[in-house]
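Secondary and tertiary structure notes
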Amino acid sequence: MRRSIVLTGAVIATAALAAPVAVADTTAAGGLDLGRQVLGERDGWAAAEGGTTGGAAAEADAVHRVGNRAELVAALDGGGSTPKIIYVDGVIEGHEADDGTPLSCADFADPDYSLDEYLAAYDPAHWGYEEEPHGPLEDARYRSMQNQRDHVQVRVGSNTTIVGLGDDAEIRGLNLSVRGADNVIIRNITFEAPVDCFPAWDPTDNEAGEWNSEYDAVELHGATHVWIDHNTFHDGRYPDSSQPWYFGRPYQWHDGLLDMVRETDLVTVSWNVFRDHDKTMLIGNSNSRVEDRGKLRITLHHNVFSETLERSPRVRFGQVHVYNNYYESFDGLGYHIGAGVESRVVTDNNYFRLGESFTAGDIIYEWGGTTIRTRGDVVEDQDGRRRVDLRAEHNLAHGSGLTADVGWVPRWHERIHPASAVPGLVPARAGAGKIG
């Protein structure tokens, strides 16, 4: 039995739903259709320059109800831009053939690929740390990765709304790729992060080398006007703690939960839960991508970041407004907010609950940035709860000179709550199944 969902925000006039979609499952009290709802007129950067309506203008024949990967791919129409609404009903398993047969990593492996042979060939004991892997085994690993990518990466086109029905909609092991698209809404879905079956070894990445994976749960690549709202992102059945180690480094089979890169712009990320993950959220993916200047304008508000190791978020170039988010830290945490090259982050009234070995001075990490403006944030640790200037705490702890001169003032936002209200407000209402 699906519960009713009470909606917030703006709505527009609706067309009739396609017959296969049960109207009772998509409407809330007052007859508002979840799939037709659009972003509020001041709700973050995605409201600027025309706003974000997703597939709200879809005709009846472009409204779909999907319950497996094949139906989702068909409804997305190869990333086409015709307005469409896609209701996710139940659990979509990414590693599943079109006939419903479960797939394993072995089904994507190139005939010439063997992990044991790969490990033997590129062992730093004889390969060293100066060159990236190359040769037949690396080529076979890359072909294997392409086989998996062709299956797990699905393209989301412009003018699309993807929304979960009820409180149990889930997408497992797929990479939703919003690439070069405009006007997209993704709401009310639990995402289990995709597992890369064929991580790449890079001995030149950091001093000891790193294993790197390929897929984010949701990736915005050159996307504009995107609203990501009331979703839950996590590692699910495949936590990093269960992955093996090779060459003294974790065999990292996850990438980001939500990454926004390559001239992505005008995005609002609201009321989501990000939990139990390492590299959580990347905004801008290269220090050399000067094309990102003037882009990556993103708002993060009323999200939960719980036991995320780093990148919550890490920012390059963008004007990013981070307000009313709730952070739960733990021992072993790297950092929360990364101030990268030419980043201009403004934090507003966030709440940080810190583990015993983590201090207020460690919340920000300086990744080549020179400025960040912090105001109204509250920290709770073993010494109690207090309001802190995160920038000042960082500078004091690390002998740094981050300035507050970000060069802009956030104007695209709705109500900013006092940080003291965040613990009682955000965890109770953020995540999939909690709209209304």
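Report follows, based on the coordinates. This structure is a prediction, so every number in the text was calculated from the model and none was measured. (Residues numbered from 1 in each chain as written. Predicted model: local features only at pLDDT ≥ 70, side-chain atom pairs only at ≥ 80, totals over all residues. Heavy atoms only, no water.)

**Notes on unusual backbone geometry**
To keep it simple, the criterion reads: Each helix is a run of DSSP H or I of at least 4 residues and each strand a run of E of at least 2, with the numbering of both proceeding from the N terminus. Summary of the burial criterion: residues with accessible area below 20% of their type's maximum are buried, those above 50% are exposed, and those between are partly exposed, where the area comes from a 1.4 Å probe applied to protein chains only.
A cis amide bond links S312 to the next residue, P313, at an omega of 5 degrees. Along the chain, P313 falls in the loop between β24 (304–310) and β25 (314–315). In the Ramachandran plot, F247 falls in the positive-phi region, its phi being about 60 degrees despite a non-glycine side chain. Locating F247 in the fold gives a position in the loop between β17 (245–246) and β18 (249–250). A relative accessible area of 19% means that F247 is categorised as buried. Even without being a glycine, N324 presents a positive backbone phi close to 55 degrees.

**Quick notes on the pairing of strand β4 (residues 84–88)**
Each regular strand carries side chains that alternate between the two faces of the sheet. Filter applied, for reference: Strands qualify as paired when DSSP identifies two bridges or more between them. The handedness of a crossover follows from its direction of travel: if, with the strands pointing away from the viewer, the path from the first strand over the helix to the second runs clockwise, the crossover is right-handed.
Counted residue by residue, β4 has five buried out of five residues, so it is predominantly covered. In β4, alternate side chains face the same way, and those of K84, I86 and V88 on one face and I85 and Y87 on the other are all buried. Here strand β3 (residues 63–66) pairs with β4 via four bridges, running parallel. Pairing of V63 across the sheet is with I85, part of β4. Taken together, β3, helix α2 (residues 69–76) and β4 form a β-α-β motif whose crossover is right-handed.

**Considering the packing of aromatic side chains**
Inclusion rule: By convention, a stacked pair of Phe, Tyr or Trp rings (six-membered ring in the case of Trp) has centres within 6.5 Å and planes under 30 degrees apart, an edge-to-face pair has planes over 60 apart, and any other such pair is tilted. Two conditions define a charge sitting above a ring: the NZ of Lys or the CZ of Arg must be within 6 Å of the ring centre, and it must be within 35 degrees of the ring normal.
Considering all chains together, one arrives at 21 aromatic pairs under this definition. When the centroid spacing of 5.6 Å and the interplanar angle of 20 degrees are considered together, the rings of W211 and F247 count as stacked. Here F247 lies in the loop between β17 and β18 and W211 lies in strand β13 (residues 210–212), a separation of 36 residues in the sequence. Accessibility expressed as a relative area gives 1% for W211, which makes it buried. Grouping aromatic residues by their ring pairs yields a cluster made of Y113, Y118, Y122, W127, F198, W201, W211, Y246, F247 and Y251. Above the ring of W412, the side-chain terminus of R42 is found at 4.5 Å from the ring centroid.

The values are spatial; any link to function lies outside them.
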